[in-house]
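Tertiary structure, described
Below, each chain spelled out in residue letters.
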Amino acid sequence: MHELIPVYEPSTLSQRKVYQIKGTLYRFTGKCPWARIDHPQWTFEPLDGQRKTATLKLNQNKVRHGIYEVPGMVANRQSEVMGQGIQQSLF
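Read on for a plain summary of the structure. As the structure is a prediction and not an experimental result, all values here were calculated from the model.

Moving on to the packing of aromatic side chains. Tallied over the full model, the rule gives two aromatic pairs. On the basis of an interplanar angle of 80° and a centroid distance of 6.1 Å, the ring pair of Tyr19 and Phe44 is categorised as edge-to-face. Taken together, the positions of Tyr19 in strand β2 (residues 17-21) and Phe44 in strand β4 (residues 41-46) put the pair 25 residues apart, joining distant regions of the chain. For Tyr19, a relative accessible area of 0% puts it in the buried group. Residue Phe44 is classed as buried on the basis of its relative accessible area, which comes to 0%. Aromatic pair Phe28 and Phe44: ring centres 5.4 Å apart, planes at 50°, arrangement tilted. Residue Phe28 is found in strand β3 (residues 24-31), and its partner Phe44 is found in strand β4; the two are separated by 16 residues along the sequence. The pair Phe28 / Phe44 is uniform in exposure class, with both members buried.

If you want it as C-alpha cells, here you go:
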C-alpha cells in the first residue's frame, strides 16, 4: 500500500496529480478566479466513481492541513485515473 504524501504548500499542487481529501479522491482544477487576492482559494473536483460530487474550494489553511497526494496515480483532464489504484478500508 502506498503512503500518502501530505501537501504543505499550495504552490506544489498539480493538475496532473490525484489528491485525497477526507477519504475522497480529487483532481486539482486550479486557483479560484473569484477569490480575493489577499484570501486565495484553490478548487478541487472529485474523480469519477466517487460518492461525493461537489467541487471544493479550499483556503490556504485547509490546503496545508487536509490534503494528501496519492503517489502512483495520475489524473487527466477527463477525471480518469491512470496507474495503480488504492484500496481503502475502514477499521
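This brings us to the nonpolar core. Looking at soluble globular proteins, one finds that nonpolar side chains tend to be buried together. If you look at the biggest cluster of nonpolar residues, it comprises eleven residues: Val7, Leu13, Tyr19, Ile21, Tyr26, Phe28, Trp42, Phe44, Leu58, Val63 and Ile67. If near-sequence neighbours (up to four positions away) are discounted, Leu13 is found in contact with Val7, Tyr19, Phe28, Trp42, Phe44 and Val63. In terms of nonpolar packing, the next biggest core, distinct from the first, is built from six residues, Val18, Leu25, Leu47 and Val70 among them.

Definitions and cut-offs
- Residues numbered from 1 in each chain as written.
- Predicted model: local features only at pLDDT ≥ 70, side-chain atom pairs only at ≥ 80, totals over all residues.
- Heavy atoms only, no water.
- Phe/Tyr/Trp six-rings, centres within 6.5 Å; stacked < 30°, edge-to-face > 60°.
- Helix = DSSP H or I, 4+ residues; strand = E, 2+ residues; numbered from the N terminus.
- Buried < 20%, exposed > 50% of the residue type's maximum accessible area, 1.4 Å probe, protein only.
- Core = buried A, V, L, I, M, F, W, Y, C linked by side-chain atoms within 4.5 Å.
- Contact = heavy atoms within 4.5 Å.

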